[in-house]
Amino acid sequence: MGLRRKNKSPPVLSHEFVIQNHADAVSCLAMGLLLGLMFEVTAKYVIIFITVQYNVTYTTDDRSEPIHFYEYGPKDIATIFFYMLIAIILHAVIQEYILDKINRRLHLSKTKHSKFNESGQLAFFYLFSFAWGASILTAEEFMTNPTLLWKDYPHSRMFFQVKFFYVCQIAYWLHALPELYFQKIRKEDIPRQLYYICLYIAHICGAYVLNLQRLGLILLVSHYLVELIFHASRLFYFSDENKQKGISCLAAICLTQAWMMWKFINFQLKKWREHIQNQIPKKKITYTKSKSTKKEPNRANFVNGAVKLEDGASPRTRKSKVL
């Protein structure tokens with residue numbers, strides 16, 4: 001038997017070397033930042049990368065415990081950079097231990113292989129983000145009380161979960177830019193992916209900086225649900241020969257869109273009816289008051305069947321004619 005040839009490792013700092021070992025290099029950098037917390041000299045600088053910054057504490061008479069809020073500022077760039085490194089590591093773990101193993105069984109073509117990897121990565125992200133965002137909406141009661149979306153605007157202060165959610169969202173979509181190079185994306189697919197990645201970054205950063213975090217959170221959760229169903233259907237499409245699962249997922253997308261439209265129309269009709277009902281009683285009240293003010297003097301003039309004037313004098317009696 002002939003000896004098997006070993007795969008030669010690419011030269012250091014070459015194109016192939018960076019692509020194969022980018023996750024290891026990023027993990028070493030993240031570990032270096034974490035090790036900086038162990039030393040007092042570097043801890044005050046490294047803490048900016050790991051923890052959420054701009055904590056504001058308030059104390060009220062109603063509650064004995066203080067309330068912690070967070071604002072945004074330039075130090076968030078360091079925090080976003082650290083969690084961008086974490087996103088690159090998680091991306092490589094999902095790709096190597098889950099998606100690559102499934103690809104070996106499916107024997108897909110290069111085009112389908114690229115789309116399968118894209119949908120696989122995004123499906124994991126959309127599922128995690130949807131569950132996390134829905135839990136925040138439930139805890140903060142944004143869905144049950146929609147007036148919180150615009151009440152006391154601008155909402156410059158955020159709870160910890162809301163700010164950390166936006167930091168992770170921005171970090172994930174920023175990490176998607178270098179992944180276009182690391183994952184060997186085809187040149188035909190780069191403009192399309194670059195387009196929607198930049199749109200996500202612009203909209204999420206805009207909602208974060210313009211104090212529209214509550215509205216942006218609701219829009220992201222609803223949008224991520226639809227995207228999750230779409231990419232799950234595409235995964236089933238590649239893995240299922242009969243395409244039955246893919247058709248069912250596409251039907252679920254249409255039903256979800258119809259349900260969201262129905263909820264929106266009902267919400268607007270409810271607001272319109274409440275607005276009309278608030279205007280109708282005002283007109284009735286003014287009408288009854290005007291009638292009551294006219295009748296009160298007439299009732300006051302009749303006491304025990306006798307007519308009295310307003311000054312208290314009795315009315316003049318008619319003189320009887322002498323026959």
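### Comments concerning the nonpolar core
Argument step 1. One finds Tyr-126, Tyr-166, Trp-173, Ile-204 and Tyr-224 to be the most contacted residues of the largest nonpolar core, which totals 47 residues.
Argument step 2. Secondary structure elements with two or more residues in this core: α1 (15-35), α2 (40-50), α3 (76-106), α4 (110-140), α5 (160-182), α6 (190-209) and α7 (213-239).
Argument step 3. By residue number, the principal contributor to this core is α5, which donates eleven residues.
Argument step 4. Discounting chain neighbours no more than four positions away, the residues touching Tyr-126 are Trp-173, Tyr-200, Tyr-224, Glu-227, Leu-228 and His-231.
Argument step 5. With six residues, the next largest nonpolar core counts Ile-94, Phe-116, Leu-235 and Phe-238 among its residues.

### A few points about the packing of aromatic side chains
Argument step 1. Counting across every chain of the model gives 24 aromatic pairs.
Argument step 2. When the centroid spacing of 5.6 Å and the interplanar angle of 50° are considered together, the rings of Tyr-72 and Tyr-208 count as tilted. Within this pair, whereas Tyr-72 is found in the loop between β2 (67-70) and α3, its partner Tyr-208 is found in helix α6, the two being separated by 136 residues in sequence.
Argument step 3. Tyr-72 gets classed as partly exposed once you look at its relative accessible area, which sits at 33%.

### Digging into the environment of Tyr-54
Argument step 1. With respect to the secondary-structure elements, Tyr-54 resides in the loop between α2 and β1 (55-58).
Argument step 2. Classification of Tyr-54 as partly exposed rests on a relative accessible area of 26%.
Argument step 3. Placed 20 residues apart in sequence, Tyr-54 and Pro-74 show a C-alpha to C-alpha distance of 9.8 Å.
Argument step 4. When neighbours within four sequence positions are excluded, Tyr-54 is seen to be in contact with Phe-69, Tyr-70, Glu-71, Tyr-72, Gly-73, Pro-74, Lys-75, Asp-76 and Lys-163.

### Describing the environment of Asp-100
Argument step 1. Mapping Asp-100 onto the fold places it in helix α3.
Argument step 2. With 16 residues separating them in the primary sequence, Asp-100 and Phe-116 have C-alpha atoms 10.0 Å apart.

### Brief notes about the packing of α1 against α3
Argument step 1. Contact geometry of α1 with α3 gives a least axis separation of 9 Å together with a crossing angle of 140°. One finds that α1 runs oblique with respect to α3. α1 and α3 meet at a crossing whose hand is left-handed. When α1 is examined against α3, the residues His-22, Ala-23, Val-26, Ser-27, Leu-29, Ala-30, Leu-33 and Leu-34 are found in contact with a partner set consisting of Phe-81, Phe-82, Leu-85, Ile-86, Ile-88, Ile-89 and Ala-92.

Rules and cut-offs
Residues numbered from 1 in each chain as written. Predicted model: local features only at pLDDT ≥ 70, side-chain atom pairs only at ≥ 80, totals over all residues. Heavy atoms only, no water. Core = buried A, V, L, I, M, F, W, Y, C linked by side-chain atoms within 4.5 Å. Buried < 20%, exposed > 50% of the residue type's maximum accessible area, 1.4 Å probe, protein only. Helix = DSSP H or I, 4+ residues; strand = E, 2+ residues; numbered from the N terminus. Contact = heavy atoms within 4.5 Å. Phe/Tyr/Trp six-rings, centres within 6.5 Å; stacked < 30°, edge-to-face > 60°. Axes fitted to C-alpha atoms, helices over the stretch in contact; angles between N-to-C directions. Parallel < 35°, antiparallel > 145°, perpendicular 65-115°, else oblique. Left-handed = near helix turned anticlockwise from the far one by under 90°.

Any functional reading would require information that these geometric values do not contain.
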